[in-house]
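Structure at a glance
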Amino acid sequence: MSSVALDVRLSDRVANARPSATGAVGEMARRLISQGRSVISLSEGELDFDTPAHIQHAAIKGIVEGQTRYTSVGGTPALKQAVITKFRQDNELDYAPEEVIAATGAKQILFNALLATVNAGDEAIVVAPFWVSYTEMVRIAGGEPIVVTPSERDDFKLTPEALAAHITPRTRWLMLNTPCNPSGAMYSRAELRALADVVRAHPRLLVLSDDIYEKIVFEGEFCSFAQAAPDMRDRTLTVNGVSKSYAMTGWRLGYAGGPNWLIKAMELLQSQSTSNPSSVSQVAAVAALNGPQGFLDDWRDRLRARRDMAMTILQPAAPMLTVSRPPAAFYLYVCCAGAIGCKTPKDDFIGSDADLARYLLEEGGVAVVPGAAFGLEPYIRLTFALSDERLKLACERIVAACAQLKRD
Ligand SMILES: Cc1ncc(COP(=O)(O)O)c(C=O)c1O
């Protein structure tokens, strides 16, 4: 029997995409832990709190009462209504049921939106540092991410001038994430209006406003893009979800509001891929959105205290590490320029933030994500959404590991 070599080439779409770097760090940390090493992971993008009890119980009741079947692709009427009410109350945005959609995480919302609108050669403006998936999703959709890097002096925020300079006839999307993962940067109403003034002149340009960290704001007031500039409503996809606000990452439930032509196209894609998001998760999301919100104040206070504690403990690591205070979200995006060019006690050279992350993991027992993953080096991202004790220990380990670095 002649053996014919199997053709294992992947599609260009997949060959051009990179796996998630945050996932890779988590994987490395898990490997060390399985070898018996003590590792604290500051690499995860999720709260350590449990999903609140009233949401858990609503989901259990939903299962018992048989809410376990297919639903409408874009979400049940009850969930759509809860989303509409949320957008109206929190964001002064009025959407009709045919202008909202629920999906399997905000991730699927973003994916659907890009697949529905991006043709080969189209461009999407992405602001660095950015959430790791933005650029790869644009690539998978066949487009080209155009990365704009504001300076840390501008608090990592896109200026109208920089936006105007990067728009071309091929630009399809401006992808805004406020508050931002990983920098915590949050745009004011006035800053969003100034960006809208640039967008207005470009009829082809759509705006994706990823507001998933909306509820985790320590200083300042959150404003969504279309809320700041209501005339942008019909070209804006306002994206949100229950993952970060309600400690529900595993439930996989995201939602969005936008113009009907776009929502309809996203629903078409979803109908041919995953259909409705989990029926049980939809019941839970209704309970999250319609239920009491008071616990969020307590969560915010606890997270603020952790942020401030981490910053205080990390102070002695300067000038290797310099940390600016994020007004929102649950990450520190730490500049590590001062550590580049140093040598470790084993004489390994720290030439990049990835080298520093590897050293902190292997010798310090702390997993962090290198800034390269977020499109801005040399930085490391640390989450502070873990218990006070573990966070304190992790930061102390980082300081101790940095103290061992030597410059030639
Ligand atoms: C900025 C940003 N957008 C979207 C998501 C996706 O969230 P979901 O769990 O709803 O898919 C994340 C998750 O880390 C995120 O950080």
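Computed from a prediction, not measured in an experiment: that's the story for all the values here.

Focus on the overall build of the protein
Summing up its helical and strand segments, the protein has 14 helices and 15 strands in all. The C-alpha radius of gyration of the protein comes to 22 Å, within 12% of the 22 Å expected for a compact globule of 408 residues. Projected onto the principal axes, the alpha-carbon positions of the protein cover approximately 70 × 60 × 50 Å. Per-residue burial for the protein yields a buried fraction of 53% across its 408 residues. At a minimum sequence separation of 6, the contacts of the protein that also span at least 24 residues come to 75%. Accessible surface, the protein: about 17,700 Å² in total, of which carbon and sulfur atoms supply 53%. Of the side chains in the protein, 42 bear a positive and 46 a negative charge, and the two mean positions are spaced by 2 Å.

A few points about the UniProt feature "domain: Aminotransferase class I/classII large" (unreviewed entry) in the protein
Look at the UniProt record and you will see "domain: Aminotransferase class I/classII large" (unreviewed entry) annotated at residues 38–398. Secondary structure within residues 38–398 divides into 37% helix and 16% strand; the distance between the first and last C-alpha atoms comes to 14 Å.

Let's talk about the nonpolar core
The biggest cluster of nonpolar side chains holds 115 residues, and the ones touching the most others in it are Leu42, Trp173, Leu237, Leu321, Leu356 and Ile398. Broken down by element, the residue count for this core peaks at 8 residues, all from helix α12 (residues 295–314). When we break this core down by domain, the ones giving at least three residues each are domain 1 (12–41 + 295–407) and domain 2 (66–290). The residues contacting leucine 356, other than those within four sequence positions of it, are Leu321, Cys336, Ala339, Ile350, Ile380 and Leu405. Counting 22 residues, the second-largest nonpolar core is a separate cluster that includes Leu205, Cys223, Ala229 and Met232.

A closer look at the sheet that holds strand β3 (residues 123–127)
Read from one edge to the other, the open sheet built from 7 strands follows the order β2-β8-β7-β6-β5-β3-β4, with strand pairing classed as mixed. Edge positions in the sheet fall to β2 (100–103) and β4 (144–148), since each has one partner strand and no second. The mean angle between the axes of side-by-side strands here comes to 20 degrees, regardless of whether they run parallel or antiparallel. In terms of strand pairing, strand β6 (residues 206–210) meets strand β7 (residues 236–241) through 4 bridges, oriented parallel. Along β7, the bridge assignment pairs serine 209 with threonine 238. Here helix α6 (residues 133–140) sits on the sheet in contact with β3, β4, β5 (171–177) and β6, set at roughly 150 degrees to β4.

Side note on the sheet that holds strand β10 (residues 331–335)
Reading across the sheet, the 4 strands line up as β9-β10-β14-β13 and stay open at both edges, with antiparallel pairing between neighbours. The two strands at the open ends of the sheet, each matched to only one other strand, are β9 (322–323) and β13 (369–370). As paired elements, β9 and β10 share 2 bridges and run antiparallel to each other. By the bridge assignment for β10, valine 323 is matched with valine 334. Sheet strands touched by α12: β9, β10 and β14 (379–383). Its angle to β10, the strand with the most contacts, is close to 25 degrees.

Observations regarding a nonpolar patch on the surface
A surface patch of nonpolar side chains, about 310 Å² in accessible area, is lined by Ile60, Ile63 and Val64. By the secondary structure assignment, valine 64 is in helix α3 (residues 53–64). Given a relative accessible area of 69%, valine 64 falls into the exposed group.

Concerning the domain arrangement of the protein
Each domain of the protein was delimited in the assignment, giving domain 1 (12–41 + 295–407) and domain 2 (66–290). The straight-line distance from the C-alpha centre of domain 1 to that of domain 2 is 27 Å. On the side of domain 2, 27 residues touch domain 1, which itself brings 29 residues to the contact. Applying the counting rule to domain 1 against domain 2 returns 1 salt bridge. Note that arginine 307 and glutamate 219 form a salt bridge whose closest N and O atoms lie 2.8 Å from each other. For the pair domain 1 and domain 2, the interface holds 11 residue pairs in polar contact (both at pLDDT 80 or more). For the side of domain 1 that touches domain 2, the elements supplying multiple residues, two or more each, are α12, β10 and β14.

How each quantity is defined
- Residues numbered from 1 in each chain as written.
- Predicted model: local features only at pLDDT ≥ 70, side-chain atom pairs only at ≥ 80, totals over all residues.
- Heavy atoms only, no water.
- Helix = DSSP H or I, 4+ residues; strand = E, 2+ residues; numbered from the N terminus.
- Rg over C-alpha atoms; globule rule 2.2 N^0.38 Å.
- Buried < 20%, exposed > 50% of the residue type's maximum accessible area, 1.4 Å probe, protein only.
- Contact = heavy atoms within 4.5 Å.
- Areas by Shrake-Rupley, 256 points an atom, 1.4 Å probe, with all protein chains shown as cover.
- Lys, Arg positive; Asp, Glu negative; His and termini not counted.
- Charge placed at Lys NZ, Arg CZ, Asp CG, Glu CD.
- UniProt positions renumbered as here; feature names shortened; annotations may be inferred.
- Core = buried A, V, L, I, M, F, W, Y, C linked by side-chain atoms within 4.5 Å.
- Domains from an automatic or database assignment.
- Pairing = 2+ DSSP bridges.
- Axes fitted to C-alpha atoms, helices over the stretch in contact; angles between N-to-C directions.
- Patch = residues over 30% accessible without salt bridge, like charges linked within 9 Å, V, L, I, M, F, W, Y side chains within 5 Å.
- Salt bridge = Lys/Arg side-chain N within 4 Å of Asp/Glu carboxyl O.
- Polar contact = N/O pair within 3.5 Å; in protein donor to acceptor, adjacent residues only side chain to side chain.

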